[in-house]
Amino acid sequence: MFDSLSDRLSGVFDKLRGRGALSETEVRAAMREVRVALLEADVALPVAREFVEEVTERAVGEEVVRSVTPGQMVVKIVNDALVELLGSTNAELDLNTSPPAVVMMVGLQGSGKTTTTAKLAKRLKEKDRKKVMMASLDVARPAAQEQLAVLGRQAGVDTLPIVAGQSPTDIAKRALESARLQGYDVLMLDTAGRLHVDQQLMDEMNAIAAASKPAETLLVVDSLTGQDAVNVAKGFGAEVELSGVILTRMDGDARGGAALSMRKVTGKPIKFAGTGEGLDAIEPFHPDRVAGRILGMGDVVSLVEKAAETVKMEDAERLAKKMEKGKFDLDDLALQIKQMQAMGGVGALAKMMPGMKGMKAAGDVDEKALTRLEAMMSSMTPGERAKPKIINAKRKIRIAKGSGTTVQDVNKLLKMHQQMESAMKKLKKMGGFGKLAAMFGGGKGLPGGDGMPDLGGALPGGLPGLGGPGAPGGLPPGFDKFSKK
Amino acid sequence: MSWLDRLTGGFRKTADRIGENISGLTSKTALDTTTLDDIEEALIASDLGPEASKRIRDAIAARRFEQLDERGLRTILAEEIEKILTPVAKPLDIHGFPRPHVILVIGVNGSGKTTTIGKIGHHLMEQDYGVLLAAGDTFRAAAIEQLKIWGERIHAPVIAGKEGGDPASIVFDGVKQATETGIDVLIVDTAGRLQNKQHLMDELSKVRRVLGKLNEAAPHDVILVLDATTGQNALNQIEVFQETAGVTGLVMTKLDGTARGGVLVAAAEKFGLPIHAIGVGEGVDDLRPFDPRAVARAIAGLPPQ
């Protein structure tokens, strides 16, 4: 998501950067390219047009002409405008009403309403400790109600028992009644997919809203949506009072135009984003972080949060202590690799690292490499892991056989460990982790980054698990990060 | 409302836009920049994408006209679009011999695969072909149920396994049963997948391989289902699915909304894959052959002929 838009934009910016003077014509030419980049990313035409006009106006103004580094200034203006476009803060669900608070999900067919309903219900139940019930009002699509019931069982969320032949409004009334009687905090209503031009179904949606008085009415929009996103948002917005938007399939490779258009067109915040097929794959939408990702600035905050969520504190502390002594054995490496995988693998991490954006290798890292490394290490004896020096040729053959790899692979692993160990030792001499963080913030000087073609950028991603919280401090300020490394 | 009206309804907004901008023109030998810009923008707003829109703009700019009014301009626009679409309009042809003719249906989540299968099945049965459906989507909750209900609706048998089972084994059983009973057509449903999920794409190529185990020629057709509301990402979808699963044709769904499906024009230019049909509603009869002239005229905002 956003990769390609970010590539296109940094291509445009590269030409501007470092220029001593910029003429108005040059700025306008760059802005035309920004416009095409946005349109190719499926940003709605009116939104793209207005965005470019606004930015151009600001960019050809005095601000830029007087600036010492006009190129940087233009980049900054685009960045600011992008953050504005996405909205600046994350908006939470507002469920402060007398229970049950009704959350109604609406959208086109196939936008992902049912799955999103289950994901959100699970999140409300587990994170916010709410008592949640789900009800499907979809009587149009075959087996839609069964689908929600199955998802409810998987997510551990109660669903309203299915009564065949009821109308959507009647189901809504029954759901509300039973949620009230059984003391549920939240009632989630999954409605049938409908086209915004189908007046009959729009009336039905209005009747449901009138009967259930939802606290939140969320429009579910597919991130892959093209120019039609505007019509959909307007169409639904004209019929019911929307309170927010959920973008699904943010894990796809769409360029995120829908995300950029939605806020502008609906005037409502994007509250959540669906990021995968699992029922946990839903995240609050943070506009500033997304803007950073589009501009190739990385998303360090999400990275650290993710690390904090998945890495066990004790593990990290133990490892940190060991490393400060300059010790780093294969057990430690194994632990780190496990953590990286828990965080979504190398590719996912690389995307969030500042400065890694332009690194082509980061996207091409073989995720299986990690699995192979793990296999090799689990084929070693505890003694071998603690003291890799004792691994001789014979042991190497055994390890390779046991893990389904080759002796060369084992050699590579050992070499990589050696490099990391010596990096740790150097680090100790340099004075510990503060400096380390600075190194990673720069995206350069990654220990062992060379000499391990199989891993590419794997190592830098591993370290935020330990040094993570320090990383943001090491970020070079400002926009140096646009440059491709 | 006839399907053509609905289709035209879908394109109407674009057409109106073009209309606003070009009505009032009476006679000009060539079009001025503003008008060309407006045409280009209107095309972009129909999801044709910046590239294809630019090319059509250039094609129109290169022409000289005796006299031009709004209708004339629309007609020219329709002609240019039709030129691109005509070579790819090819209906689905059941030719597989020995039987069955195997059709694999793939696409991203929520594009409308299962519904399209129901409609294709119905369409084929009306032509007196025997149809068997295979429930290859073992991942999504109640997907098997959904296909079974479609089977009942169109009176076609459905072969299904358990939810969470191996899709490859079900499609294998499908080919086996279809071969034994000598049924004409086997339509295989698959789970929706985003094209950037490598493991899911690997699973898909496995399904494809397994289909060919009992019958080397199978699958005879690999249909990629595209959602008309999808923007330029549809091009990525075609590219990646073609690489992994060897797409042989396209069906575009949900053309009954305001979505213009203009990305089909871009796709036709770029890939030249046959477009078999379009979906214009949720009913069994809402599958239409792809008529390039009708679609081109609808994009340009001309009434159906």
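Quick caveat, the model's predicted, so the values are computed rather than measured.

Caption draft 1: Representation of the overall build of chain B in the model. When its secondary structure is counted, chain B shows eleven helices and eight strands. Taken over 305 residues, chain B has a buried fraction of 60%. When the accessible surface of chain B is summed, it comes to about 11700 Å², and 49% of that surface belongs to carbon and sulfur atoms.

Caption draft 2: The overall build of chain A, seen in detail. Counting secondary structure elements, chain A contains 24 helices and eight strands. Scored against the burial criterion, the 485 residues of chain A give a buried share of 55%. Looking at chain A alone, contacts between residues at least 24 apart form 75% of all its contacts between residues at least 6 apart. Carbon and sulfur atoms make up 53% of the accessible area of chain A, which amounts to about 20300 Å² in all.

Caption draft 3: Quick look at the pattern of salt bridges. Summed over the entire model, instances satisfying the criterion amount to 30 salt bridges over all chains. Residues R194 of chain A and E204 of chain A are paired through a salt bridge, measuring 3.2 Å at the closest nitrogen-oxygen approach. Taken together, the positions of R194 of chain A in the loop between β4 (186–190) and α9 (199–212) and E204 of chain A in helix α9 put the pair ten residues apart, joining distant regions of the chain. We note a salt bridge from E80 of chain B to R63 of chain B, for which the minimum N-O separation is 3.0 Å. In this pair, E80 of chain B sits in helix α4 (residues 70–85) while R63 of chain B sits in the loop between α3 (49–61) and α4, placing the two residues 17 residues apart along the sequence.

Caption draft 4: Local environment of the UniProt feature "domain: SRP54-type proteins GTP-binding" (unreviewed entry) in chain B. Under the UniProt annotation, "domain: SRP54-type proteins GTP-binding" (unreviewed entry) lies at residues 100–301 of chain B. Across residues 100–301 of chain B, helical content stands at 44% and strand content at 20%; the span's end C-alpha atoms are separated by 42 Å.

Caption draft 5: Spatial organisation of the pairing of strand β2 (residues 131–136) of chain B. Residues and elements named next belong to chain B. Buried residues dominate β2, accounting for six of its six residues. The side-chain alternation of β2 yields two buried faces, one formed by V131, L133 and A135 and the other by L132, A134 and G136. Of the pairings in the sheet, the one linking β2 to strand β4 (residues 185–190) comprises six bridges and is parallel in character. Bridge pairing in β4 links A134 to V188. Regarding topology, helix α6 (residues 143–154) serves as the crossover connection from β2 to the parallel strand β3 (residues 158–159), and that connection is right-handed.

Caption draft 6: Local environment of the interface of chain B and chain A. Listed per partner, the contact involves 41 residues of chain B and 34 residues of chain A. Between chain B and chain A, a total of about 3200 Å² is buried, with carbon and sulfur atoms accounting for 53% of that surface. Summed over the shared surface of chain B and chain A, the result is three salt bridges. Between R35 of chain A and E41 of chain B there is a salt bridge, with the nearest N and O atoms lying 2.3 Å from each other. Linking chain B to chain A there are eleven residue pairs in polar contact (both at pLDDT 80 or more). Going through the elements one at a time, α1 (3–22), α2 (33–45), α3, α6 and α9 (233–245) of chain B are the ones with two or more residues in the side of chain B that touches chain A. Broken down by element, the residue count for the side of chain B that touches chain A peaks at five residues, all from α6 of chain B.

Caption draft 7: Summary view of the packing of aromatic side chains. This structure, assessed with the given rule, holds zero aromatic pairs over all chains. When the ring centre of Y184 of chain A is taken as reference, the NZ or CZ atom of K131 of chain A above it lies at 4.6 Å. A cation over a ring is seen here: R153 of chain B above W150 of chain B, with NZ or CZ 4.6 Å from the ring centre.

Caption draft 8: Layout of a negative patch on the surface. Negative charge collects at one region of the surface, where E146 of chain A together with E145, E152 and E163 of chain B lie side by side. Residue position: E145 of chain B is located in helix α6. A relative accessible area of 35% means that E145 of chain B is categorised as partly exposed.

Caption draft 9: Up close: the sheet that holds β4 of chain A. All names here are of chain A. Sheet architecture is open: eight strands sit in the order β3-β2-β4-β1-β5-β6-β7-β8, paired in mixed fashion. Since the sheet does not close on itself, it has two edges, and those belong to β3 (158–159) and β8 (282–284), each with one partner. For strand β7 (residues 270–274) and β8, the ladder comprises three bridges, and the chain directions are antiparallel. Each residue of the ladder has a partner; that of A273, found in β8, is E283.

Caption draft 10: Representation of the pairing of β4 of chain A within the structure. All names here are of chain A. Here β4 lies mainly inside the structure; five of its five residues are buried. The alternating pattern of β4 places V186, M188 and D190 and L187 and L189 on opposite faces, both of which are buried. Relative to β4, strand β1 (residues 101–107) runs parallel, the two being bridged by five bridges. By the bridge assignment, M104 is partnered in β4 with L189.

Caption draft 11: Just the packing of α4 of chain B against helix α11 (residues 292–300) of chain B, in detail. Residues and elements named next belong to chain B. For the pair α4 and α11, the least separation of the axes is 8 Å and the interaxial angle reads 140°. Here α4 lies oblique to α11, going by the angle between them. Where α4 crosses over α11, the two elements pack in a sense that is right-handed. In this structure, α4 uses R71, R74, L77, A78, I81, E82 and L85 to contact α11, whose residues at the interface are P292, R293, V295, A296, R297, I299 and A300. Across the contact of α4 with α11, the residue classes break down as nine nonpolar, no polar and five charged.

Rules used in this analysis
- Residues numbered from 1 in each chain as written.
- Chains lettered and ligands numbered in written order.
- Predicted model: local features only at pLDDT ≥ 70, side-chain atom pairs only at ≥ 80, totals over all residues.
- Heavy atoms only, no water.
- Helix = DSSP H or I, 4+ residues; strand = E, 2+ residues; numbered from the N terminus.
- Buried < 20%, exposed > 50% of the residue type's maximum accessible area, 1.4 Å probe, protein only.
- Areas by Shrake-Rupley, 256 points an atom, 1.4 Å probe, with all protein chains shown as cover.
- Contact = heavy atoms within 4.5 Å.
- Salt bridge = Lys/Arg side-chain N within 4 Å of Asp/Glu carboxyl O.
- UniProt positions renumbered as here; feature names shortened; annotations may be inferred.
- Pairing = 2+ DSSP bridges.
- Right-handed = clockwise from strand over helix to strand, strands pointing away.
- Buried area = accessible area lost by both parts, 1.4 Å probe.
- Polar contact = N/O pair within 3.5 Å; in protein donor to acceptor, adjacent residues only side chain to side chain.
- Phe/Tyr/Trp six-rings, centres within 6.5 Å; stacked < 30°, edge-to-face > 60°.
- Lys NZ or Arg CZ within 6 Å of the ring centre and 35° of its normal.
- Patch = residues over 30% accessible without salt bridge, like charges linked within 9 Å, V, L, I, M, F, W, Y side chains within 5 Å.
- Lys, Arg positive; Asp, Glu negative; His and termini not counted.
- Charge placed at Lys NZ, Arg CZ, Asp CG, Glu CD.
- Axes fitted to C-alpha atoms, helices over the stretch in contact; angles between N-to-C directions.
- Parallel < 35°, antiparallel > 145°, perpendicular 65-115°, else oblique.
- Left-handed = near helix turned anticlockwise from the far one by under 90°.
- Nonpolar A, V, L, I, M, F, W, Y, C, P; charged D, E, K, R; others polar.

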